[in-house]
Amino acid sequence: MERSPSRLEDLDKRNVVVERMRERGVDLNSIAAITLDLQSPYIEGLDFETCLDHVERVVRKREVQHAILTGLELDILAEKDLLSEPLASIIKNDYGLYGIDEILALAIVNVYGSIGFTNFGYVDKKKMGIIKDLDIEGKKPDKCHTFLDDIVGAIAAAAASSIITHRYG
Ligand code: MG
């Protein structure tokens, strides 16, 4: 019988996910900075620590961890040329009509319901904060950030939704 992962295992996975993102050049602070940028025009006195706290809540969710692990793995495999064609070229070149990177990121945003979608769309379009850097860096021949940029945007958007839900929910 399938064993359901305990909260402790979710916490372990939180550490794996945070470390894996750090190896890919993203820490939780840079995600929290996007959340702050996104929400501070609407919430008076919103501070960085609150944003970081909500980013932390997001990465402790099992669905979020699974989406992060899946997306980062595909980027890493693409960088190592371990994917087969035609997917290898699609992911490595961040082909514009692929769209599965955004779809996977929606699994993160989805945890907080429909308010997350608008935030995610905005973050994605504006390429806020570290997302812009990841986008530029990902264009280098030995780098692939096809999934990472959307994952970062989705976590930031989900944290913004978590703040709103926490305050007004
Ligand atoms: Mg992408």
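What counts, and at which threshold
Residues numbered from 1 in each chain as written. Predicted model: local features only at pLDDT ≥ 70, side-chain atom pairs only at ≥ 80, totals over all residues. Heavy atoms only, no water. Donors = N, O, S within 2.8 Å, 3.2 Å for Na, K, Ca; no water. Buried < 20%, exposed > 50% of the residue type's maximum accessible area, 1.4 Å probe, protein only. Helix = DSSP H or I, 4+ residues; strand = E, 2+ residues; numbered from the N terminus. Expected span 1.5 Å × (residues − 1). Arc of directions from axis to C-beta. Contact = heavy atoms within 4.5 Å. Phe/Tyr/Trp six-rings, centres within 6.5 Å; stacked < 30°, edge-to-face > 60°.

Novice: Explanation requested: the coordination of the magnesium ion in the structure shown.
Specialist: Ideal values differ by geometry: the angle at a metal is 109.5 degrees with four tetrahedral donors, but 90 or 180 degrees with six octahedral donors. On the protein side, the magnesium ion has D101 (OD), T146 (O), D149 (OD) and D150 (OD) as donor atoms, found 2.1 to 2.7 Å from it. Sequence spacing of the donor residues for the magnesium ion, all on one chain, is D-x44-T-x2-D-D. Of the two residues, T146 and D149, both sit in the buried class.

Novice: Sorry if this is basic, but what is going on with unusual backbone geometry here?
Specialist: It is generally the case that most residues other than glycine have a negative phi and that most peptide bonds are trans. Here the bond from E85 into P86 is cis, since omega is 5°, no more than 30 degrees from zero. Here P86 shows up in the loop between α4 (62–79) and α5 (87–92). Of note, D81 is a non-glycine position whose phi angle comes to about 55°, a positive value.

Novice: Before we go on, may I ask you to explain helix α7 (residues 115–126) in this structure?
Specialist: In an α-helix, one turn spans 3.6 residues; hence positions three or four apart end up facing the same way. For α7, with 12 residues, the first-to-last C-alpha span of 18 Å sits near the 16 Å given by 1.5 Å per residue. For α7, the full list of buried residues reads G116, N119, F120 and V123. Mapping the buried residues of α7 onto a view down its axis gives an arc of 100°, with all of them on the same face. Residues of α7 that are exposed and point more than 90 degrees away from the buried face comprise T118, K125 and K126. Tucked into the core, α7 has its buried residues touching α2 (28–39), α6 (100–109), α8 (130–137) and α9 (148–168). K127 occupies a position one or two residues after α7 and carries a positive phi of about 50°.

Novice: Could you clarify how one ought to interpret the packing of aromatic side chains in this entry?
Specialist: Pairs of aromatic rings are described using the distance from one ring centre to the other and the angle between the two planes. Under the criterion given, the structure shown has one aromatic pair. For the ring pair Y98 and F147, a centre distance of 6.2 Å and an interplane angle of 80° mean the geometry is edge-to-face. With Y98 in the loop between α5 and α6 and F147 in the loop between α8 and α9, this residue pair connects regions lying 49 residues apart in the sequence. Given the relative accessible area of 18%, Y98 is considered buried.

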